[in-house]
Amino acid sequence: MLQVQFIRENKQAVLEGLAKRSFANAQTIIEEVLSTDETRRSTQVLLDNILAESNKLSKEIGNLFKSGEAQKANLLKEKTGQLKDQSKELTEKLNIATSELQELLYQIPNIPHTSVVAGKSEEDNEEIFSEGTIPDLNENALPHWELAKKYDIIDFDLGAKITGAGFPVYKGKGARLQRALINYFLDKNIKAGYKEVQVPHLVNEASGIATGQLPDKEGQMYHASVDDLYLIPTAEVPITNIHRNDLVKEADLPIQYTGYTPCFRREAGSYGAHVRGLNRLHQFDKVEIVRIEHPDNSYNALNGMVDHIKEILRELKLPYRILRLCGGDTGFVAALTFDFELYSTAQKRWLEISSASNFETYQANRLKLRFKNSDGKSQLVHTLNGSSLALPRVLAGILENYQTENGIKIPEVLIPYCGFDTID
């Protein structure tokens, strides 16, 4: 979340940033934040003064009793009783103001980076790069859901029988290709300097709040209510929480992790042909990269993440483009996001397969994740994350773009991982 001091010192810049997002009632909520913070700060000053006076009187009372002046000591004890009642009232007022301030801050998204343009939806995103050749398929080319059925590699009906729509069953060479992609992505990330971790697939509420999924995306997360745990929507949540409440060493920055997990999203309200097949699922596999960076280096790190994802897509020989998201389409927690989309030739449309984002200090403030700088002061880190990659649409793109009349070819870089070169 945003730091109150930052809002107080940069009110106009905050309002301009929220305007880029078309954030409703920005002026009202910012004024409410500043008013509530003023109440909190003034109450804290009063409480500190009363506690200081109470401590001073307690010492005087002790000295009076020692010197035999019990009558004077008892008079002062009455006053300390009054101060105690006042401090109790002020503590309650302070707790209420602090809680209200926290809830207000949770409602305010991150301020977009200066390079982010204003906009309301994905229609306003900027294409900044494209690469790869779109294959020229014959007129009988099939979308991936028909290819999956033809070659018996993904069974959507069986998944619906076992669980429900959006939970496919991968079979035979489809399952092996899925596993090959996971191993290939992890190997690429490890080679680039990321440390592999295996993390829980359920997290507690504190973890969800720390990375910004809660309370903003609560309706999209599966909640195991008996245990009050949430199924993760992305590995970003448990991986970033590895360092919640930590004071890391400046010399240890950057900290880089990669991890594979299944991801679970309710995707409420998602219907229609555009979500057919692997295009949008309730359970899917993803390999994630997470970076904890010195603030001075975070945007260089973001560019490095973008270049890393480019390299993977080049090796897979899939046509793709990169979008810089506008303010209205940038995620709640992010300051700057680049989306990668590959072209599905059979569906004749672009499919999002990755996002790389810099959250600056927004997550770190919730995480209470800091480092001690060269001046000896504690400072918030910057956190970043990216998909490298989300599997369903990559798999869909491979099936559709690599299809031939005699079967589906496997990208050359994946053949050693698959152990076969064709699905037929």
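Every value quoted in this text rests on a predicted model; they were computed, and no experiment measured them.

## Regarding the overall build of the protein
- Broken down by element type, the protein carries 13 helices and 19 strands.
- Here the protein, with 424 residues, has 50% of them falling under the buried criterion.
- Contacts spanning at least 24 positions in sequence make up 73% of the contacts within the protein whose residues lie at least 6 apart.
- Summed over all atoms, the accessible surface of the protein reaches about 20,600 Å², with 47% contributed by carbon and sulfur.
- The protein carries 49 positive and 58 negative side-chain charges, and their two centres are separated by 3 Å.

## Topic: the pattern of salt bridges
- Considering all chains together, one arrives at 18 salt bridges under this definition.
- Here Arg41 makes a salt bridge to Asp37, at a shortest N to O gap of 4.0 Å. Note that Arg41 and Asp37 are positioned in helix H3 (residues 26–66) at a spacing of 4 residues, about one turn of the helix.
- The exposure class of Arg41 is partly exposed, given its relative accessible area of 34%.
- Ionic pairing is found between Lys188 and Glu315, a salt bridge with its closest N-O pair at 3.0 Å. Here Glu315 lies in helix H10 (residues 298–316) and Lys188 lies in helix H7 (residues 172–191), a separation of 127 residues in the sequence.

## Observations regarding the sheet that holds strand E17 (residues 403–404)
- Pairing is antiparallel across the open sheet formed by 3 strands, whose spatial order is E17-E18-E19. Since the sheet does not close on itself, it has two edges, and those belong to E17 and strand E19 (422–423), each with one partner.
- Strand direction decides the pairing type here: E17 and strand E18 (residues 407–409), joined by 2 bridges, are antiparallel. The partner of Gln403 across the bridge, within E18, is Ile408.

## So, H7
- If you check H7, its first and last C-alpha atoms are 29 Å apart, about what 20 residues at 1.5 Å a residue would give, namely 28 Å.
- For H7, the set of buried residues is Gly174, Leu177, Gln178, Ala180, Leu181, Ile182, Tyr184, Phe185, Leu186, Lys188 and Asn189.

## Observations concerning the packing of helix H2 (residues 11–20) against H3
- Relative orientation of the contacting elements H2 and H3 amounts to 145°, with a least axis distance of 10 Å. Judged by the sense of rotation from one axis to the other, the crossing of H2 with H3 is right-handed. Each of Lys11, Val14, Leu15 and Leu18 in H2 lies in contact with H3, whose residues at this interface are Ala26, Gln27, Ile30, Glu31 and Leu34.
- In the contact of H2 with H3, the residues fall into 6 nonpolar, 1 polar and 2 charged.

## Description of the nonpolar core
- Ranked by size, the top nonpolar core spans 52 residues in total, and within it Leu181, Phe185, Leu316, Val394, Leu399, Leu414 and Ile423 carry the most contacts.
- Looking at this core, the element that brings in the most residues is H10, giving 8 residues.
- Excluding anything up to four places from it in sequence, Leu316 contacts Leu181, Tyr184, Phe185, Val394, Tyr402, Pro411, Val413 and Leu414.
- Among the nonpolar cores identified, the runner-up in size contains 23 residues, and Leu101, Ile108, Val333 and Ala334 belong to it.

## Observations regarding the packing of aromatic side chains
- For the coordinates displayed, the defined rule picks out 6 aromatic pairs.
- Where Phe129 meets Tyr320, the ring centres are 6.1 Å apart and the plane angle is 40°; that geometry is what we call tilted. Of this pair, Phe129 sits in strand E1 (residues 126–131) while Tyr320 sits in strand E11 (residues 320–324); the two residues are 191 residues apart in sequence, bridging distant segments of the chain.
- Overall, Tyr320 belongs to the buried group, its relative accessible area being 1%.
- Both rings, one in Phe332 and one in Tyr362, keep their centres 6.4 Å apart while their planes meet at 80°; by these two values the pair is edge-to-face. Pair noted here: Phe332 is in the loop between E11 and strand E12 (336–344) and Tyr362 is in helix H11 (residues 362–367), with a separation of 30 residues, a long-range link.
- For Phe332, a relative accessible area of 15% puts it in the buried group.
- Connected via pairs of aromatic rings, a cluster forms that spans Phe129, Tyr320 and Phe340.
- Of note, Lys173 hangs over the ring of Phe420, and the distance from its end group to the ring centre comes to 4.8 Å.
- In this structure, Lys310 is placed above the aromatic ring of Phe129, and the distance from its NZ or CZ to the ring centre is 3.9 Å.

## Considering the packing of H7 against H10
- Relative to each other, H7 and H10 sit at 135°, their axes nearing to 11 Å. Here H7 is positioned oblique relative to H10, judged by the angle of their axes. Here H7 runs over H10; the crossing is right-handed. Between H7, through Leu181, Tyr184, Phe185, Lys188 and Asn189, and H10, the contact on the second element is made entirely by His308, Glu311, Ile312, Glu315 and Leu316.

## As for the sheet that holds strand E7 (residues 229–231)
- The 3 strands lie next to each other as E5-E7-E6, forming an open sheet whose pairing is antiparallel. Edge positions in the open sheet fall to strand E5 (202–204) and strand E6 (223–224), since each of these has one partner strand only.
- Strand direction decides the pairing type here: E6 and E7, joined by 2 bridges, are antiparallel. Each bridged residue has a counterpart across the sheet, and for His223 the counterpart in E7 is Tyr230.

Conventions and cut-offs
Residues numbered from 1 in each chain as written. Predicted model: local features only at pLDDT ≥ 70, side-chain atom pairs only at ≥ 80, totals over all residues. Heavy atoms only, no water. Helix = DSSP H or I, 4+ residues; strand = E, 2+ residues; numbered from the N terminus. Buried < 20%, exposed > 50% of the residue type's maximum accessible area, 1.4 Å probe, protein only. Contact = heavy atoms within 4.5 Å. Areas by Shrake-Rupley, 256 points an atom, 1.4 Å probe, with all protein chains shown as cover. Lys, Arg positive; Asp, Glu negative; His and termini not counted. Charge placed at Lys NZ, Arg CZ, Asp CG, Glu CD. Salt bridge = Lys/Arg side-chain N within 4 Å of Asp/Glu carboxyl O. Pairing = 2+ DSSP bridges. Expected span 1.5 Å × (residues − 1). Axes fitted to C-alpha atoms, helices over the stretch in contact; angles between N-to-C directions. Left-handed = near helix turned anticlockwise from the far one by under 90°. Nonpolar A, V, L, I, M, F, W, Y, C, P; charged D, E, K, R; others polar. Core = buried A, V, L, I, M, F, W, Y, C linked by side-chain atoms within 4.5 Å. Phe/Tyr/Trp six-rings, centres within 6.5 Å; stacked < 30°, edge-to-face > 60°. Lys NZ or Arg CZ within 6 Å of the ring centre and 35° of its normal. Parallel < 35°, antiparallel > 145°, perpendicular 65-115°, else oblique.

Bear in mind that shape data such as this cannot, by itself, settle questions of function.
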